[in-house]
Amino acid sequence: MRDQTAIRTQNFAALFTALYFTSWMVTISCVWCLGSGLLFSPTVDAAGLGRLKVESMLGQPFAAVIDITALQTEEFSQIEARIASAESYETAQLTYTSIVRQIRISTARQSDGKSILKLTSIVPINEPSLDLLVEFSWGNGRVTQKYSVLLDLPKADR
């Protein structure tokens, strides 16, 4: 009986020692990683959506462009964009209209290499204002951006 108690005590002591030193080494490693991260952290830019530029007028099919900011070149093939769902509009306390359902979003690159989203509709837009909720995702993240759009009246022909 005494031999079994001694073996258990030795096993417990060995286990405690192993756990103590393993814990101590993990703590040192974590402190080193934290210190290294603070001293040598690289700058990371997250992609996002910039301003919206309307290219159409009231009574015309909708056309607009949104700049994509800080997108890495290799992330272009991973981007997805769409008009948010009716539920997202409700959550944002916006009205999801039949006009909003008509707007399509595609990705493109401009001649200068900048990435953009193109927003278009086939049908003419006869509402002077729209609230657009755009969901944008890429390899490392996701963002939802609200845009309030005012459409100008067409210029009168003289």
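Structure shown above.
## What about the environment of leucine 119?
Okay, step 1: With respect to the helices, strands and loops of the structure, leucine 119 is situated in strand E5 (residues 115-124).
Okay, step 2: The class for leucine 119 is buried, based on a relative accessible area of 0%.
Okay, step 3: Beyond its immediate chain neighbours, meaning those up to four positions away, leucine 119 contacts Leu52, Phe62, Ala63, Ala64, Ile66, Ile103, Arg104, Ile105, Leu132 and Val134.

## Comments concerning the packing of aromatic side chains
Okay, step 1: Counted by the stated rule, this structure contains two aromatic pairs.
Okay, step 2: Geometrically, the ring pair formed by tyrosine 89 and tyrosine 96 is edge-to-face, given 5.1 Å between the ring centres and 65° between the ring planes.
Okay, step 3: With a relative accessible area of 0%, tyrosine 89 lands in the buried category.
Okay, step 4: Owing to a relative accessible area of 27%, tyrosine 96 belongs among the partly exposed residues under this scheme.

## Looking at the pairing of strand E4 (residues 104-109)
Okay, step 1: Across six bridges, E4 lies against E5 in antiparallel orientation. Residue pairing across strands places arginine 109 opposite serine 115, the latter belonging to E5.
Okay, step 2: What sits between E4 and E5 in their antiparallel hairpin is a turn of five residues, with glycine 113 showing a positive phi close to 90°.

## Overview of the nonpolar core
Okay, step 1: Phe62, Leu117, Leu119, Leu132 and Val134 are the most contacted members of the largest nonpolar core, which has 30 residues in total.
Okay, step 2: Where this core is concerned, the elements lending two or more residues are strand E1 (48-54), strand E2 (61-69), helix H3 (98-102), E5, strand E6 (129-138) and strand E7 (141-150).
Okay, step 3: Once residues within four sequence positions are removed from consideration, phenylalanine 62 is found in contact with Val54, Ser56, Ile103, Leu119, Thr120, Ser121, Val123, Ile125, Leu130, Leu132, Val149 and Leu151.

## Notes on the pattern of salt bridges
Okay, step 1: For the coordinates displayed, the defined rule picks out three salt bridges.
Okay, step 2: Residue lysine 146 is joined to aspartate 131 by a salt bridge in which the shortest nitrogen-to-oxygen separation is 4.0 Å. Linking lysine 146 in strand E7 with aspartate 131 in strand E6, this pair joins segments that are 15 residues apart in sequence.
Okay, step 3: A relative accessible area of 41% places lysine 146 in the partly exposed class.
Okay, step 4: A salt bridge links arginine 142 to glutamate 135, with the nearest nitrogen and oxygen atoms 3.4 Å apart.
Okay, step 5: On the basis of relative accessible area, glutamate 135 is assigned to the buried category, the value being 5%.
Okay, step 6: Through salt bridges with shared partners, a single ionic network connects Arg82, Glu135 and Arg142.

## Considering the side chain of aspartate 67
Okay, step 1: You can see aspartate 67 is positioned in strand E2.
Okay, step 2: Although aspartate 67 lies buried, it forms no salt bridge, and the closest oppositely charged side chain, arginine 51, sits 4.1 Å away as judged by the N-O distance.
Okay, step 3: If we ignore the near neighbours within four places in the chain, the residues touching aspartate 67 are Gly48, Leu49, Gly50, Arg51, Lys114, Ser115 and Ile116.

## Points about the sheet that holds E2
Okay, step 1: With antiparallel pairing, the four strands of this open sheet are ordered in space as E1-E2-E5-E4. Single-partner strands in this sheet number two, and they are E1 and E4. On average, adjacent strands in this sheet sit at an angle of 25° to one another, irrespective of strand direction.
Okay, step 2: Direction of pairing for E2 relative to E5: antiparallel, over a ladder of six bridges. Residue pairing in the sheet places alanine 63 in a bridge with threonine 120 of E5.

The rules behind these values
Residues numbered from 1 in each chain as written. Predicted model: local features only at pLDDT ≥ 70, side-chain atom pairs only at ≥ 80, totals over all residues. Heavy atoms only, no water. Helix = DSSP H or I, 4+ residues; strand = E, 2+ residues; numbered from the N terminus. Buried < 20%, exposed > 50% of the residue type's maximum accessible area, 1.4 Å probe, protein only. Contact = heavy atoms within 4.5 Å. Phe/Tyr/Trp six-rings, centres within 6.5 Å; stacked < 30°, edge-to-face > 60°. Pairing = 2+ DSSP bridges. Core = buried A, V, L, I, M, F, W, Y, C linked by side-chain atoms within 4.5 Å. Salt bridge = Lys/Arg side-chain N within 4 Å of Asp/Glu carboxyl O. Lys, Arg positive; Asp, Glu negative; His and termini not counted. Axes fitted to C-alpha atoms, helices over the stretch in contact; angles between N-to-C directions.

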